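Observations on chain architecture
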Amino acid sequence: MEIGHAAVAITRLQDYCPPAYLVDSVALDVDIRDGVTTVTSSLSLRRNPASADATVMTFNGEGLLLRTLALDDVVLDSDRYHYENGLLTVEGLPEACTLTSVVDIEPEKNTALEGLYQSNGMYCTQCEAEGFRHITFFPDRPDVLARFTTTVRADKARYPLLLSNGNPVAWGEEEEGGSGRHWVTWEDPFPKPCYLFALVAGDLACLEDTFMTVSGRKVALRLYAEHRDLDKLDHAMASLKNAMRWDEQVYGREYDLDIYMIVAVSHFNMGAMENKGLNIFNTSCVLAHPSTTTDAGFQRVESVVAHEYFHNWSGNRVTCRDWFQLSLKEGFTVFRDQQFSADMNSAAVQRVENVDFLVNHQFPEDQGPMAHAVRPEEYQKIDNFYTLTIYEKGAEIVRMQYHLLGAENFRKATDHYFEANDGKAVTCDDFVASMEAVSGRDLGQFKRWYSQAGTPVLTVTDEYREGQYHLTFRQHTPATPGQEDKQPLVIPIRLALLDDQGAPCALDANGQGEQVIIVDQAQETVSFAVPEGVTPSLLRGFSAPVVLDYDYTQAQLARLLAYDSDGYCRWNAAQRLYFAALDRLVVEPGEADAEAAALVPVLEQVIARSDEDPAQAALLLTLPSEVALGDRHTPLNPASIHLAHRAMKRALGKALQSHWLSLAENLLATELSMDGRAMGRRQLRNLALDFLAAGEHDEAAGLAVELFELPLCMSEELGALKVLVHHDLPGADQALAQFAERWQDEALVMDQWFAVQATVPGEQTVDRVNGLLEHPAFDWKTPNRVRALVGTFTNGNPSAFHAESGAGYRLFAQALSRLDAINPQVAARLANGAARLPRLEPQRRERLAEVLADVQKNSSGNVAEVLGRILSS
Ligand code: TRP
Ligand code: ZN
């Protein structure tokens, strides 16, 4: 880890140069022994015809103990090379040669979880983005694609399973006097960048299945986990098979190796990793069982399994030229996994969930100190750029292209993209070029979406004049750090105009009720021959990632919520109704009952129809979060936001209490089902129970305890626990104790136990979290556990994090420093929790800035970059 940076290196897109040498193939030998692993690597190098650089080549290597370095089997004198600051420079290389290095590394001491490390006794790797340089010397950049052959050696009894990418081609026992050691050699026929390298050594259980590809090749599917978790792999297997079939049918993409493996590990910096043929997953994204996993957890497993599988084409076969192109694989792959989830589940619900996530998490990122373009111009630590902007906004940019081209042309364009770029490392421009080539469209201006940071605000005004309805669109993108001037973007606006019965008016001679307007100027007006008094249904399906500013009346919103056929617009109407009421309550908290009363008729309609689609009803009935409400008020005083939010919830709890009670009682299932409808009913029921408790209904505690005692699945059990604990109902402490007792050996369930407690609203939770940091089950070295306690506290509990005393900030700062010394990547992610600093009211802003400045002094490069941006804004 780098401590106390004087000058931080900045990497710039404009400085891109092709590598001086290419690596045709690499033979790795990884000899795992307790305490020290020895890695021998032989790189077949060839001068890159596309490079101007002469005979000097640099290789990345971090923390490697170099034992020997040989060129074409001749050991190099130390004056022929230079290893310093993470770079090995070798001079006087011939046109083609083999460079062999032997290095020692210490995976047991690797708490940063990048490179080779240990997790619960097994060895595993994480190489994206720049972890491979912690394993051996290599040009660690995604545009160097090599054929890998990997031999893994370890003790056979403790590590019976030795895995790497591709196919096993040879194996055996090491002779040397019955050492008990064995080895396996794996060969990956597909050239790949080193960030896709993976290796696993352990004693794992396997769920095995097969998949017959569309062309009739049989693929072995193997999911590995600790033995105790073997019964939690079925859902991931089913999801994988669905994803494989879906990618064949929807994108014409077939799997290309004979084996596809997924390994579940408990210690993992992010969700999962798409290593070629050998995905490595955070246990939280692969293990699922109804008794231990919530319904949301099941959905997450399905989408992450699919996401990593889809990377086999969008990321692996066609990869990124440099890390500025990260969204090329991530944005596209998120779009693909969103399409997949929409096809597997309710498409309308999926879309709303995706948009909800984007507007409540990516929009704030885009409006804060961390704002950056989907294709940034520069970075300090690439790990800090695995952001919601790259992933989620990137997916929206692909989605807009999908809609601009239409499904059929989009498919032709992706075929073109995969065929033209197979086996290559390319750029976002290459992706758009395929869209242009197939459609004949000029997407030049559209590409500003990639380079321009910030969320555009689309202001819409309307008037009825001379028998026509005129809509005027104005777009404006606020300045972001380092990007003052913004250009107009191409904004597709899908719209309908609803009459006073809520029916769509005919917009043209063909009677079309929906139209897409493409706004590409700062201001534009369009006109429609429709009767007076229409309600505009704008941005249907959330057709562009913009903030829509239109001055809806309450009556118009009620109409959209009741009648709009577009799921997103209905949900958005509900959000606007809630926000309008909440905004007023921030100023006048005493008016909660009146505000709730005004909402009752519209919400009663939603409840009356809830049986049509319980999941959608649950989304429509969920209040915006306290954090989302706070994002509308500057300067931000989290205490008054909290009061308003709580008052609203309580008032709605009371005003609709008979409905909440009957939903809570009537949605009770008698047997377990995991289908979408059953999940939706559970979601709605948990929501009803929560409102019932918020409204202080006498039966809330009894119903929650009842559900908690005899749950059919974890969604019920956890939903009940949350209601008991968050509303401090009788029986809450006992339930917490019982839950911990029941689930102490299930790490992922215990994560939920920590998270429930970290998100109890109110300042007193700071003490509670401080206490939990000392709990025997808390562990700084397990990212999932740290996120469950400290991450949820920071990001999901504003009334405690922003406690007036500053105690929440001190907790945060101490946690940050402590974690940074162990795992800088995860610490830097946690540091993002302070990104709202510039918007805080002055007293809190100063307090938070003060503790952060202190943390920054001794921080890693990762944390320093994030805090630097936040503190200088
Ligand atoms: N490429 C992975 C994905 O989105 C994510 C990833 C990037 C990652 N870097 C990582 C995962 C580091 C774990 C650790 O699919
Ligand atoms: Zn990804």
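If you're wondering where the values come from, they're calculated on a predicted model, not measured in any experiment.

Here the focus is the domain arrangement of the protein chain. Each domain of the protein chain was delimited in the assignment, giving domain 1 (11-310), domain 2 (318-451), domain 3 (457-551) and domain 4 (744-873). Relative to domain 4, the C-alpha centre of domain 3 lies at a distance of 41 Å.

The coordination sphere of the zinc ion (ligand 2), as far as protein atoms go, consists of His307 (NE2), His311 (NE2), Glu330 (OE) and Glu330 (OE), spread over 1.9 to 2.8 Å. Coordination at the zinc ion (ligand 2) comes from six donor atoms whose angles at the metal span 50 to 160°, giving a geometry best classed as irregular. We note that the donor set of the zinc ion (ligand 2) lies within a single chain, spaced as H-x3-H-x18-E. Placement of the pair is His307 in helix H2 (residues 295-310) and Glu330 in helix H3 (residues 326-344), with a sequence separation of 23 residues. You can call His307 buried: its relative accessible area is 7%. The class of Glu330 is buried, set by a relative accessible area of 1%.

Let us now look at the pattern of salt bridges. Going through the model one piece at a time under the given rule, you end up with 60 salt bridges. In this structure, the salt-bridge partner of Asp229 is Lys232, at a minimum N-O distance of 2.7 Å. Overall, the relative accessible area of 9% leaves Asp229 in the buried class. Members of the salt-bridge network, linked through shared partners, are Asp29, Asp31, Arg33, Arg153, Glu174 and Arg181.

In the vicinity of ligand 1, 14 residues are found, and the nearest of them are Glu128, Glu274, Glu308, Glu330 and Tyr391. Here an oxygen atom of ligand 1 sits 3.4 Å away from a polar atom, N or O, in the side chain of His311. Elements supplying a minimum of two residues to the shell around ligand 1: strand E20 (272-273), H2 and H3. The residue makeup of the shell around ligand 1, split by class, is six nonpolar, three polar and five charged.

Here we take up the nonpolar core. Core analysis: the largest hydrophobic core is formed by 288 residues, its most contacted members being Phe138, Leu471, Phe473, Leu495, Phe528 and Leu652. The biggest single contributor to this core is helix H10 (residues 567-587), with twelve residues. Not counting residues up to four positions away in its chain, the partners in contact with Leu652 are Tyr578, Ala596, Leu599, Leu603, Leu623, Trp660 and Phe691.

Our focus in this paragraph is the sheet that holds strand E21 (residues 278-282). Spatial strand order, E17-E18-E19-E21-E20: five strands in an open sheet with mixed pairing. Every interior strand has two partners, whereas the edge strands, strand E17 (205-212) and E20, have only one. Both strand E18 (residues 218-225) and strand E19 (residues 259-265) contribute to a ladder of five bridges, which runs parallel. The partner of Leu221 across the bridge, within E19, is Tyr260. Across the sheet, helix H1 (residues 234-251) lies against E17, E18 and E19, angled at about 25° from E17, the strand it touches most. Of the strands in this sheet, E19, E20 and E21 touch H2, which is tilted by about 150° from E21.

In this structure the tally under the stated criterion is five cavities of 30 Å³ or more. Put simply, the largest cavity is a space of about 160 Å³. Together, 14 residues line the largest cavity, and Val627, Leu636, Pro798, His802 and Arg836 are the ones closest to its centre. Taken together, the elements giving at least two residues each to the lining of the largest cavity come down to helix H13 (626-630), helix H14 (638-655), helix H22 (783-796) and helix H23 (798-801). With three residues, H13 is the single largest residue contributor to the lining of the largest cavity. When its residues are assigned to classes, the lining of the largest cavity shows six nonpolar, five polar and three charged. One number sums up the size of the second largest cavity: a volume of about 70 Å³. If you go around the second largest cavity, the residues you meet are Arg570, Val606, Arg609, Ser610, Glu612, Asp613, Gln616, Ala617 and Leu620. For the lining of the second largest cavity, the element with the highest residue contribution is helix H12 (residues 614-621), accounting for three residues.

With that out of the way, let us pick up the packing of helix H16 (residues 676-694) against helix H18 (residues 714-726). Relative orientation of the contacting elements H16 and H18 amounts to 15°, with a least axis distance of 10 Å. One way to sum up the angle between H16 and H18 is to call them roughly parallel. At the point where H16 passes H18, the crossing takes the right-handed sense. Seen from H16, the contacting residues are Arg682, Asn686, Leu689, Asp690 and Ala693; seen from H18, they are Ser715, Glu716, Gly719, Ala720 and Val723. Of the residues contributing to the contact of H16 with H18, the split by class is four nonpolar, three polar and three charged.

Glancing now at the sheet that holds strand E7 (residues 81-84). Strand order in this open sheet of three strands is E4-E8-E7, and the pairing throughout is antiparallel. Since the sheet does not close on itself, it has two edges, and those belong to strand E4 (57-60) and E7, each with one partner. Sheet twist, expressed as the mean angle between neighbouring strand axes with direction ignored, is 15°. Where E7 meets strand E8 (residues 87-90), four bridges bridge the pair, whose relative direction is antiparallel. Within E8, the position partnered with Glu84 by the bridge is Leu87.

Let's shift gears to the pairing of strand E13 (residues 161-164). In E13, alternate side chains face the same way, and those of Leu161 and Leu163 on one face and Leu162 and Ser164 on the other are all buried. Note: E13 against strand E16 (residues 199-202), four bridges, orientation antiparallel. Residue pairing in the sheet places Leu163 in a bridge with Val200 of E16.

We now examine the packing of aromatic side chains. As enumerated under the stated definition, the model contains 42 aromatic pairs in all. Note that Arg321 overlies the ring of Tyr16, its terminal NZ or CZ placed 3.7 Å from the centroid.

Rules of the game
Residues numbered from 1 in each chain as written. Chains lettered and ligands numbered in written order. Predicted model: local features only at pLDDT ≥ 70, side-chain atom pairs only at ≥ 80, totals over all residues. Heavy atoms only, no water. Domains from an automatic or database assignment. Donors = N, O, S within 2.8 Å, 3.2 Å for Na, K, Ca; no water. Tetrahedral: all angles 85-135°; square planar, octahedral: opposite > 155°, others 65-115°. Helix = DSSP H or I, 4+ residues; strand = E, 2+ residues; numbered from the N terminus. Buried < 20%, exposed > 50% of the residue type's maximum accessible area, 1.4 Å probe, protein only. Salt bridge = Lys/Arg side-chain N within 4 Å of Asp/Glu carboxyl O. Near = heavy atom within 4 Å. Polar contact = N/O pair within 3.5 Å; in protein donor to acceptor, adjacent residues only side chain to side chain. Nonpolar A, V, L, I, M, F, W, Y, C, P; charged D, E, K, R; others polar. Core = buried A, V, L, I, M, F, W, Y, C linked by side-chain atoms within 4.5 Å. Contact = heavy atoms within 4.5 Å. Pairing = 2+ DSSP bridges. Axes fitted to C-alpha atoms, helices over the stretch in contact; angles between N-to-C directions. 1 Å grid on protein atoms, 1.4 Å probe; cavity = no way out; pocket = protein on both sides within 12 Å on 5 of 7 lines; lining within 4 Å. Points joined across faces, edges and corners; volume = space filled by probe spheres on them. Parallel < 35°, antiparallel > 145°, perpendicular 65-115°, else oblique. Left-handed = near helix turned anticlockwise from the far one by under 90°. Phe/Tyr/Trp six-rings, centres within 6.5 Å; stacked < 30°, edge-to-face > 60°. Lys NZ or Arg CZ within 6 Å of the ring centre and 35° of its normal.

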